Structures are given as structure tokens and as C-alpha cells.
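A structural walkthrough
If you want the building blocks of each chain, they are given just below.
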Amino acid sequence: MSIGALDAALSYGRAAGIGKSGGLGDLGSKTGIGGSTGAAASGGFGNLVEQMVTDTASSLRTAEAASAKQVAGKGDLIDVVTAIGAAETALDTVVAVRDRVVGAYSDIMRMQI
Amino acid sequence: MDLKTAVQVSASGLRAQSLRMRVIAENLANADSVAQTAGGNPYRRRVATFKAEVDRTTGGMGVKVKDVEGDASAFQRVYQPGSPAADGKGYVLMPNVNGLVEAADMKAAQRSYEANLNAIEAAKSLTMRTIDLLK
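Below, the discussion takes up the overall build of chain A. Scanning chain A from terminus to terminus reveals 4 helices and 0 strands. Scored against the burial criterion, the 113 residues of chain A give a buried share of 31%. Look at the contacts in chain A between residues 6 or more apart in sequence, and 57% of them connect residues 24 or more apart.

In C-alpha cells form, the structure reads like this:
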């Protein structure tokens, strides 16, 4: 999931940088990256998605640690439930955003030149 | 996000109510626990008290168990000359635990726990529906 989404996001970020005058450029310029097309990690959407993926991974790890503790008989059930809930929400959000980004990428790929 | 904070606040409610349930269980279990020595004091009923507390990380006003205090009401005196806990006159002090009071308290704790569970469920469903707007 991660590589495809990140690639798509990066390309989308570059596209946003080129069409800077529109709404996409505004999104990019918020992080101060919208204008540049050079460095690989500098796409506005790329950074956004990368950040989201990192956050999701860390909340999933927290949930996993809480579950492991619970199974070992040392954890708190309420902690497990809230951690898994937070991880689920984060994952759902990142998947929804990924779908939108990939959808936008495909739209650009199908664009008539 | 505020819905996430709402879940954290409700989780603090769950923790507080589960501790209250524990204290009630202790009271019920010790309803007949008399003194260890002759003429001494028996088990004293305990009550959990709560206070509102702001969680520094989320900023939500959660609940916290302030203290578990002893109930100051008087012990019941029962005439049981044969008991090892009896004083010189043959009276034994019984714990100030009332089964009916504990049952009512337990029901209240249970309802409060359920209310917090429902709040978590509502916050979660709202979050999911918001995410669904993207799809």
C-alpha cells in the first residue's frame, strides 16, 4: 500500500506545484513546498501522506503493545480498547485519503493531452 | 480532534467507575469481616470519591478517583459471646456495610459505566461517518 500511495501522492504534489495558481497550489504552499518540483520528498501531498502513514503506524504499534500487555495479563482492558479504536480510526482515515489521492492520480493519467 | 478527546474523557469515566465497582465488591465481600482481636474494630465500609481533572495531553476534562475513604457511620453491635472477636461483655462489632445500599450503589456504577460506553460508541460512529464523507 505504502509505495503506491506515496508515489501517487508525490506525483500529485508535483502536479499541484505546477498548477500553483489554483486551489491545489494553495494546499501545497501551506507547507511551503508547493513551488518546488525538484527534491523527491518535497511534494506537499507526499509529505502529508507520509506523515499520516507514520502516525498511523505509530498508533497501530501502540495498540499492538497494549494488546500484548493485556494478553500477558499486565494491561488495562480500557487502554487496549481506546488504543485499538484510535488505530482503527487513523487507518481508516489514511486509507480513505489514499483512495482519494490514487483516484486523483488516475484522473490525471487519463487526461487528454 | 475533539471526538478523540471525547473518547479519552469517556475512557477516564470507565476507569473511575470500574474502580468504584471494585470498592463496592470489597464492601460486599467484607460484609461479615469482624475484628482480628477481641473488642477491636471490624471492616469499615469504603466509598470512592471522584473529582474532575483536566488531562494535560488532550485538554479534556476527565474524571479521576480522588480518594477511597472510610464510611464514618457507626458499627452494629451484636451479642455473640462465643465469637473470638467479642469484647468483655460478649458484644461483637459488625461492619457498617448494608447490602441494600451496596446493591443500589452497584446499579448506579453499572449505569454510569454503560453511559460512558454509549458515549464512546457515539463518538466513534461520528468519526467513522465523517471519514466516510471522503469515500
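Past the structure itself, the notes keep going.
What follows concerns the interface of chain B and chain A. With 12 residues of chain B in contact, the opposing surface of chain A contributes 11 residues. Secondary structure elements with two or more residues in the side of chain B that touches chain A: α1 (2–29) and α2 (99–132) of chain B. At 6 residues, the largest contribution of residues to the side of chain B that touches chain A is made by α1(B).

The next point concerns the packing of helix α3 (residues 44–71) of chain A against helix α4 (residues 77–109) of chain A. Residue and element names in this part refer to chain A. Interhelical geometry of α3 versus α4 gives an angle of 155° and a closest axis separation of 8 Å. In terms of orientation, α3 lies roughly antiparallel with respect to α4. Between α3 and α4 the crossing geometry is left-handed. Residue classes in the contact of α3 with α4 are distributed as 18 nonpolar, 5 polar and 3 charged.

With that settled, the discussion passes to the nonpolar core. Val49(A), Ala83(A) and Ala87(A) are the most contacted members of the largest nonpolar core, which has 13 residues in total. Sorting the residues of this core by element identifies α3 and α4 of chain A as the ones contributing at least two each. No other element matches α4(A), which puts 7 residues into this core. Counting residues in each nonpolar core, the second largest holds 5 residues, with Val7(B), Ala11(B), Leu14(B) and Ile120(B) among its members.

Below, the discussion takes up the environment of Ala6(B). Residue and element names in this part refer to chain B. By secondary structure assignment, the location of alanine 6 is in helix α1. With 56 residues separating them in the primary sequence, alanine 6 and glycine 62 have C-alpha atoms 9.0 Å apart. If sequence neighbours within four positions are ignored, alanine 6 has contacts with Ala119 and Ala123.

All right, on to the confidence of the model for chain A then. Residue and element names in this part refer to chain A. Per-residue confidence for chain A gives a mean pLDDT of 74, with 63% of residues at or over 70. Of all the helices and strands in chain A, helix α2 (residues 23–30) carries the lowest mean pLDDT, 40, while α4 carries the highest, 91. This stretch, residues 18–40, has a pLDDT under 50; its non-local contacts, to residues over four places away or in other chains, come to 33 contacts.

Turning next to α3(A). Helix length check: α3(A), at 28 residues, gives a terminal C-alpha distance of 41 Å against a target of 40 Å (1.5 Å per residue), a fit within 8%. Following α3(A) by one or two positions, Gly73(A) adopts a phi angle in the positive range, close to 85°.

This next bit is on α4(A). Helix length check: α4(A) (33 residues) gives 47 Å between terminal C-alpha atoms against 48 Å at 1.5 Å per residue, within 8%. All buried positions along α4(A) are accounted for by Thr82(A), Ala83(A), Ala86(A), Ala87(A), Thr89(A), Ala90(A), Val94(A), Arg98(A), Val101(A) and Tyr105(A).

As a further point, take the packing of α1(B) against α2(B). For any two helices packed against each other, one specifies the crossing angle of their axes together with the interaxial distance. All names here are of chain B. Between α1 and α2, whose axes approach to 9 Å, the crossing angle comes to 160°. The angle between the axes of α1 and α2 places the two elements in the roughly antiparallel class. Considering the relative orientation of α1 and α2, their crossing is left-handed. For the contact of α1 with α2, the per-class residue count stands at 14 nonpolar, 8 polar and 4 charged.

Reading guide: rules and limits
Residues numbered from 1 in each chain as written. Chains lettered and ligands numbered in written order. Predicted model: local features only at pLDDT ≥ 70, side-chain atom pairs only at ≥ 80, totals over all residues. Helix = DSSP H or I, 4+ residues; strand = E, 2+ residues; numbered from the N terminus. Buried ≥ 20, exposed ≤ 12 C-beta atoms within 10 Å, placed from the backbone. Contact = placed C-beta atoms within 7 Å. Axes fitted to C-alpha atoms, helices over the stretch in contact; angles between N-to-C directions. Parallel < 35°, antiparallel > 145°, perpendicular 65-115°, else oblique. Left-handed = near helix turned anticlockwise from the far one by under 90°. Nonpolar A, V, L, I, M, F, W, Y, C, P; charged D, E, K, R; others polar. Core = buried A, V, L, I, M, F, W, Y, C linked by C-beta atoms within 7 Å. pLDDT = per-residue confidence, 0-100. Expected span 1.5 Å × (residues − 1).

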